[in-house]
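Notes for the structure review
Below, each chain spelled out in residue letters.
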Amino acid sequence: YFDQIIDHFGTNQTTFKQRIFINANHYTSNGPIYLFNSGETPASPSYLTAGEPYTLTKATGGMIILIEHRYYGDSYPVSDMSGPNMKYLTVENSLEDIANFIRSANSFVKESIGIDISPKSKWVATGGSYAATLAVWARKKYPDLIHAAYASSAPILIESDFYQYDQVVARALPCAQSISDAVSMLDTILDSGDRALINRWKNSFGLQNLEDDADFAGALTDQMSTTVQYYMPPLKGSNTPDTITNLCSWFENTANTPLQNMADMTAAYIRESKINPLSAYSSNSGAPNTALHQDGRAWFYQTCTQFGFWQSAPRPPLRRLRSKYVTAEWQNKPCRTFFGNSIADEPNTKGLNDQFGGLFPNVTRVVFVNGLHDPWSALSV
């Protein structure tokens, strides 16, 4: 555990325990140091022995150091996650965590595992998703400390209204038009205000416990988003099913309307995945719970205050795979319920884009890696 400063830019200069994992088994003299930030998930020792950073470490005689992001896993500078206590969770503090660790790394690593870091060893920031964004920005902000960055699926253009997400999902799904037709039918039903009809369809989807119609409409995107965002093609010769093919097979039943096919698919997904719709899809679910160890709450705070990243329905004439009721404004609304008046009405996305350059960050020695079907690639290089 590294003694990290609670607020690098404020008055609270006391420290908290930030969790660190190190694998120096492949480290050779002058080898690079790969600093892997775990981002919006808890740090896991599994990252030290598998994955791209580990592969790079083995190939280059490097050392891998995993640093846990503040407010995730076991690295908390506060006693609970109430609104006022979340104020130290900022991109700026997170980036300074990285820099502050690097400045102290020689003595820390020596004390922790008894190995001296060579003065000729170069530091490479790395990570995936949000952590990859931090890697890019850390390279830009601290070029004297960080020699290069490896950014996997890094959304560096910060947007509140992230309608492009669906456009990538649509390109990945052969059944996108059927899904779009189903969504259009659903919106017509929701527009009608016919409560009996709306409730019948909620039952068909297995979402009868969701009172809010927008929550109901928003829940329908879960399976499609998850399937595409985490898609992995089956290995050749394996019996592993193709998840995109499986999803689209639900729309092959021409005896049903596209909406009925979507309802059947969603009900089966909820049942087989053992999802509790109220806790999973209700906008205000969990708002009063301020206990620690809620990674989802920490990430929600970051989206409410700095990122947005609200995955919304594209406007006509663009094709929609989600209901028109799924807007950025609707997704932003629960922020005040969770965190009260301690946050602004809207995330300050302009502040981050102005500070780091959006899609044009003006950095060198950064490798951007994006998957063909990765919806976040729309905000990356």
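Predicted model, so just to flag it, every value in this text is computed and none were measured.

1. Structural notes on the overall build of the protein
Counting its regular elements, the protein contains 15 helices and eight strands. Computed over the C-alpha atoms, the radius of gyration of the protein is 22 Å, within 12% of the 21 Å expected from 2.2 N^0.38 for a compact globule of 381 residues. Overall size of the protein, expressed as C-alpha extent along the three principal axes, is 70 × 55 × 35 Å. Split into buried and exposed, the 381 residues of the protein put 53% on the buried side. Expressed as a percentage of contacts within the protein between residues at least 6 apart in sequence, the contacts between residues at least 24 apart total 73%. Carbon and sulfur atoms form 52% of the exposed surface of the protein, whose accessible area is close to 17,100 Å².

2. Some words on the nonpolar core
In terms of nonpolar packing, the biggest core is built from 87 residues, with Ile65, Phe101, Trp137, Leu173, Ile179 and Met262 touching the most fellow members. Broken down by element, the residue count for this core peaks at nine residues, all from helix H2 (residues 91–113). Lining this core are residues from two domains, each supplying at least three of them: domain 1 (2–157 + 358–379) and domain 2 (161–347). Contacts of phenylalanine 101, omitting those with residues within four sequence positions, involve Phe2, Ile20, Leu35, Ile65, Ile67, Phe108 and Trp123. Formed by 21 residues, the second largest nonpolar core is a distinct cluster that contains Tyr76, Tyr88, Leu89 and Ile343.

3. What about the sheet that holds strand S5 (residues 63–67)?
Reading across the sheet, the six strands line up as S3-S5-S4-S6-S7-S8 and stay open at both edges, with mixed pairing between neighbours. A strand with exactly one partner marks an edge of an open sheet, and here the two such strands are strand S3 (20–23) and strand S8 (366–369). Neighbour to neighbour, the strand axes of the sheet diverge by 15° on average, direction disregarded. Of the pairings in the sheet, the one linking strand S4 (residues 33–37) to strand S6 (residues 123–128) comprises four bridges and is parallel in character. Within S6, the residue paired with leucine 35 across the bridge is alanine 125.

4. A look at the packing of helix H8 (residues 222–229) against helix H10 (residues 258–272)
Where H8 meets H10, the closest approach of the two axes is 10 Å, and the angle between their N-to-C directions is 75°. One finds that H8 runs roughly perpendicular with respect to H10. Of the residues in H10, those in contact with Asp222, Gln223, Met224 and Thr226 of H8 are Met262, Met265, Thr266 and Tyr269. When grouped by side-chain class, the residues that make up the contact of H8 with H10 number four nonpolar, three polar and one charged.

5. Brief notes about the domain arrangement of the protein
Domain annotation for the protein reports domain 1 (2–157 + 358–379) and domain 2 (161–347). Here the C-alpha centre of domain 2 lies 31 Å away from the C-alpha centre of domain 1. Tallying the contact residues gives 32 residues for domain 1 and 27 residues for domain 2. Buried area between domain 1 and domain 2, summed over both chains or domains, comes out near 2,500 Å², and the portion from carbon and sulfur atoms is 68%. In this assembly, domain 1 and domain 2 are joined by zero salt bridges. On the surface where domain 1 and domain 2 come into contact, there are 13 residue pairs in polar contact (both at pLDDT 80 or more).

6. A look at unusual backbone geometry
Proline 316 connects to proline 317 through a cis peptide bond whose omega is 10°. For proline 317, the location among the structural elements is in the loop between helix H12 (295–307) and helix H13 (328–332). Although it is not a glycine, phenylalanine 309 adopts a positive phi angle of roughly 55°. Inspection of the secondary structure puts phenylalanine 309 in the loop between H12 and H13. Positive phi is not limited to glycine here, since asparagine 362 has a value of about 55°.

Scoring rules and cut-offs
Residues numbered from 1 in each chain as written. Predicted model: local features only at pLDDT ≥ 70, side-chain atom pairs only at ≥ 80, totals over all residues. Heavy atoms only, no water. Helix = DSSP H or I, 4+ residues; strand = E, 2+ residues; numbered from the N terminus. Rg over C-alpha atoms; globule rule 2.2 N^0.38 Å. Buried < 20%, exposed > 50% of the residue type's maximum accessible area, 1.4 Å probe, protein only. Contact = heavy atoms within 4.5 Å. Areas by Shrake-Rupley, 256 points an atom, 1.4 Å probe, with all protein chains shown as cover. Core = buried A, V, L, I, M, F, W, Y, C linked by side-chain atoms within 4.5 Å. Domains from an automatic or database assignment. Pairing = 2+ DSSP bridges. Axes fitted to C-alpha atoms, helices over the stretch in contact; angles between N-to-C directions. Parallel < 35°, antiparallel > 145°, perpendicular 65-115°, else oblique. Nonpolar A, V, L, I, M, F, W, Y, C, P; charged D, E, K, R; others polar. Buried area = accessible area lost by both parts, 1.4 Å probe. Salt bridge = Lys/Arg side-chain N within 4 Å of Asp/Glu carboxyl O. Polar contact = N/O pair within 3.5 Å; in protein donor to acceptor, adjacent residues only side chain to side chain.

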